[in-house]
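# Results of the structural survey
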Amino acid sequence: MQTTLTFSLAPSFEVEPHSAELIGHWICLFILELGGQNEFFGRNGFDSVKVARYLGMKQSIETYDFNHVKHYIEALKRLANTLKNGAHFGNEVLEKNLQKLCHFIDLKPVEIDILRFALYVHNYNVLDDAGELLSETSTMAMYYYLSVLLGYPSSAIKEALKSSGTLAQKSLLRVEQKDRSRLRHKLELASDGFAQRMMHSDEGIETMLSDVIRPCDTSHLMLEDFVHITSTLEVLLAYLGDAMRHQKRGVNVLLYGRPGTGKTELVKVIAHALQAELFEVAYENEEHEPIGGIERYKAYLTAQSLLQHKNVLVMFDEIEDIFREESEPSHMSRRNSARQYKASFNRTLETNALPTIWVSNSVHAIDDAIIRRFDIVLEMPVPPHSRRKAIIESHAQTLLAPSTVEKIAQNPHATPAIVTRATKVIHAVKANISQIDQAYEMLVSGTLKAQGFATIKTHKSTPPLYDPALISTSIDTVQLVEGIRTSGKARLCLYGVPGTGKSAFGHYIAQALDAPFLLKKGSELISKWVGETEQNIADAFAEAKSSKAVLVFDEIDSFLRDRRDARASWEVTQVNEMLVQMEEFEGIFIATTNLIDNLDQASLRRFNLKLEFGYLSSDNVLLLFARYAHFLGLDTPTPQLLQQLRTLTHLTPGDFDAVYRQHSFMPLHNCDTFYARLLEEVRLKERTHPRKVGFAV
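Rules of the game
- Residue numbers restart at each chain and count upward from 1, following the sequence in its written direction.
- Local features are withheld for residues below a pLDDT of 70 in this predicted model, meaning they are given only at 70 or higher, and side-chain atom pairs are given and counted only at 80 or more; totals for whole chains, interfaces and linings count all residues.
- Just so you know, side-chain values use all the structure's heavy atoms and leave hydrogens and water out.
- DSSP-based pairing: two strands are paired if at least 2 bridges between them are found.
- A run of H or I in DSSP becomes a helix once it reaches four residues, and a run of E becomes a strand once it reaches two; helices and strands are each numbered from the N terminus.
- Helix axes are fitted to C-alpha atoms over the stretch in contact, other axes to C-alpha atoms as well, and angles between N-to-C directions run from 0 to 180 degrees.
- The criterion used for residue contact is that any of the two residues' heavy atoms lie within 4.5 Å.
- To estimate the expected span of a helix, count its residues, drop one, and scale the result by 1.5 Å.
- Residue burial is assigned from relative accessible area. The probe radius is 1.4 Å, only protein chains are included, and a residue is buried under 20% of its type maximum, exposed over 50%, and partly exposed in between.
- In this description, one arc is meant: the one made by directions from the helix axis to the C-beta atoms.
- One speaks of a salt bridge when a side-chain nitrogen belonging to Lys or Arg is within 4 Å of a carboxyl oxygen belonging to Asp or Glu.
- Roughly parallel here means an angle under 35 degrees, roughly antiparallel means over 145, roughly perpendicular means 65 to 115, and every remaining angle is called oblique.
- By definition, any crossing whose near helix is turned counterclockwise from its far helix by less than a right angle is left-handed, and any crossing with a clockwise turn is right-handed.
- Three classes are used: nonpolar for Ala, Val, Leu, Ile, Met, Phe, Trp, Tyr, Cys and Pro, charged for Asp, Glu, Lys and Arg, and polar for all others, with Gly counted as polar.
- For the purposes of this description, domain bounds are those given by an automatic or database domain assignment.

This part takes up the sheet that holds strand β13 (residues 609-613). Note on sheets: strands pair through backbone hydrogen bonds, and any given pair is parallel or antiparallel. If you trace the 5 strands from one edge of the open sheet to the other, you get β10-β11-β12-β9-β13, paired in parallel fashion. Lying at the two open borders of the sheet, with one neighbouring strand each, are β10 (517-521) and β13. Looking at each pair of strands side by side, their axes are set apart by 20° on average, direction ignored. Note that strand β11 (residues 550-554) and strand β12 (residues 588-593) share 3 bridges and pair parallel. Its bridge partner lying in β12, valine 552 is registered against isoleucine 590. In the packing of helix α27 (residues 532-547) onto the sheet, contacts are made with β10, β11 and β12, and the angle to β11 comes to roughly 155°.

Structure follows, in structure tokens:
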């Protein structure tokens, strides 16, 4: 073999000419100075063919002989000397961006050089592959490698990369302590997009993180669309405005609530009102791939320096992502990172330069110790009925009939986001469908069902011939309504057998007071998710308060059971939440139950009045029968039939209403048929609840 073997760089297409010699210089140091030759020169060939090709060893790859390693090393040393003299920072775009960065962040020369090297490692695979030749990639070894590569003492490298240093605090670069794999993983940058843009983009420095932090578009909504939170919004706008005028640090707002309630749109409206440019920390990159919570948080920290000289408000949506990764079992280093950033989050809330609104769909993943560090914590409630109706009318405009708008608005879970998407679909297909209202309801109901909520349906109003004077109670219900009208508040528990008109009486009170009627069934309030039933209860009371509605909880026994019989902690918390809301509610609240003996004893004491609804008296049976017969156009009942009616016991107004509803598909032709149907309702009760036979002990 010739002893004058020479190598010359043969850069691949991925390496630009201006960076070829610098990368080659670093690769030679990996092999010759940092022990990489032991791995690179294998028994049967070069360990990395890519690196060998880059160094111009193509011919030696084909004729490789382990016995000639000495000659390969000598030739590589000659190449290294040539590169050492010619290596320079030829990427002008990168050098300009580093200068721009130093204008915002005070970086020392050693910190700049470390950051430059990390950017090269993240952009060029051949350099990262060369790092694979090193036998040890512990943190201490990394300090030594960088000292050789960059020409600084190890102590200076260690000082520059410490967790309290500028690179780490600004989240520009940090060393992953636990990861012992590739250099690219060991040297963590703010984001992948940051590495690419610093190397190749000559736009403004604030765009270096645009894959994660980007300007937000404006909202089509206005402050007037959030009148249901006016009082809190006034405080929020005043506080953020003062903070931005005086460039205060540590200004943070936590905005939480159910998905689709308009949290993101509200932040956009706030930014517009403050005449601030809104930047959002995105949860997916430009390729629509999800970005992890830790990556988002790192980019947010870096942006504090890059955007601090602008009139900027930042929105960090889905804040719970930062803490969620701590519990993920898939990768130990991810959990370690999550713990580290969770620990630093408190400091961020005290020192961040940019006012930030942190948005969350659920605060359960956030520690109480962190929640109390926010300046303002605001729950975004479900808009009240009147606001939901206005939102639907605004979006749908002339698409829907007023009755359909009202029906959808009755569902508190029909959030603005659901309405917006349903409207978008209907606008696209309205020319090709005949039943627009039905299609709209189908779209909204489909989303609600997938989320575990009740679908769109028409709430029952009072029966056509409802008369509170016919209710079998121990007090005069008409006088009761007048008393409620005078006081403006009441907590009633209406109990008794099914069909006696308990819920209908609540609707009657709302009509008599000319107030909105808000009916919540137990099935609508109870959720399979821990904590959500309590949230549903709180939301219902909040909606009733904001809309000044008569609030009726039907089937309250389904979640207000006696706590002494509780088998799980969530059963207790549901009752506790209910009691708290009842105590604080200053409006009209009515609970109905068929099983009062099952209710929590403490809850019963919270009601101002417990009122039993019983079966109709015989006189009221005759009166109600005569009214329905006249209403339906039937013949006058005979005296014999009236006598038979007096023998019917256990009749309720609900039985009459049930027979009336049967009339729509099984017409009643005469009073005898009417009587027969009522008799069947009574017999059904007797079969379902037979009288007990035997001796009492």
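Its 14 residues give helix α22 (residues 416-429) an end-to-end C-alpha distance of 20 Å, which sits within 8% of 20 Å, the value for a rise of 1.5 Å per residue. Buried residues of α22: Pro416, Ile418, Val419, Ala422, Thr423 and Ile426, and no others. The buried residues of α22 occupy an angular sector of 155° when projected down its axis, which confines them to one face. In α22, the exposed positions angled more than 90 degrees off the buried face are occupied by Arg421, Lys424 and Ala428. Contacts from the buried residues of α22 go to α20 (385-396) and α23 (436-450).

What follows is about unusual backbone geometry. Trans is the common state for peptide bonds, and a negative phi is the common state for residues other than glycine. The residue serine 171 is not glycine, and still its phi comes out positive at about 60°. Tracing the backbone shows serine 171 in the loop between α11 (166-169) and β1 (173-175). Non-glycine residue glutamine 275 carries a positive phi angle of around 55°. Inspection of the secondary structure assignment puts glutamine 275 in the loop between α15 (263-273) and β5 (277-281).

With that settled, consider the pattern of salt bridges. The tally for this structure, following the rule as stated, stands at 27 salt bridges. The salt bridge partner of aspartate 619 is arginine 646, with a shortest N-O separation of 3.2 Å. Of the two residues, aspartate 619 is situated in helix α30 (residues 618-631) and arginine 646 in helix α31 (residues 639-646); the sequence distance between them amounts to 27 residues. Judged by relative accessible area, which is 49%, aspartate 619 ranks as partly exposed. As a salt-bridge pair, arginine 661 and aspartate 657 come within 3.2 Å of each other at their nearest N and O atoms. Here arginine 661 and its partner aspartate 657 are both found in helix α32 (residues 653-662), 4 residues apart, which amounts to about one turn of the helix. Accessibility expressed as a relative area gives 43% for arginine 661, which makes it partly exposed. For aspartate 657, a relative accessible area of 8% corresponds to the buried category.

Below, the discussion takes up the packing of helix α6 (residues 92-104) against helix α7 (residues 109-123). Running from N to C, α6 and α7 cross one another at 135°; their axes reach a closest spacing of 12 Å. By the criterion of interaxial angle, the relationship of α6 to α7 is oblique. Considering the relative orientation of α6 and α7, their crossing is right-handed. On α7, the residues touching Leu94, Glu95, Leu98, Leu101 and Cys102 of α6 are Ile112, Leu115, Arg116, Leu119 and Tyr120. Here the residues of the contact of α6 with α7 sort into 8 nonpolar, no polar and 2 charged.

Here the domain parsing of the protein yields domain 1 (212-323 + 337-379), domain 2 (385-451), domain 3 (468-613) and domain 4 (618-688). A C-alpha centroid distance of 62 Å is found between domain 1 and domain 4.

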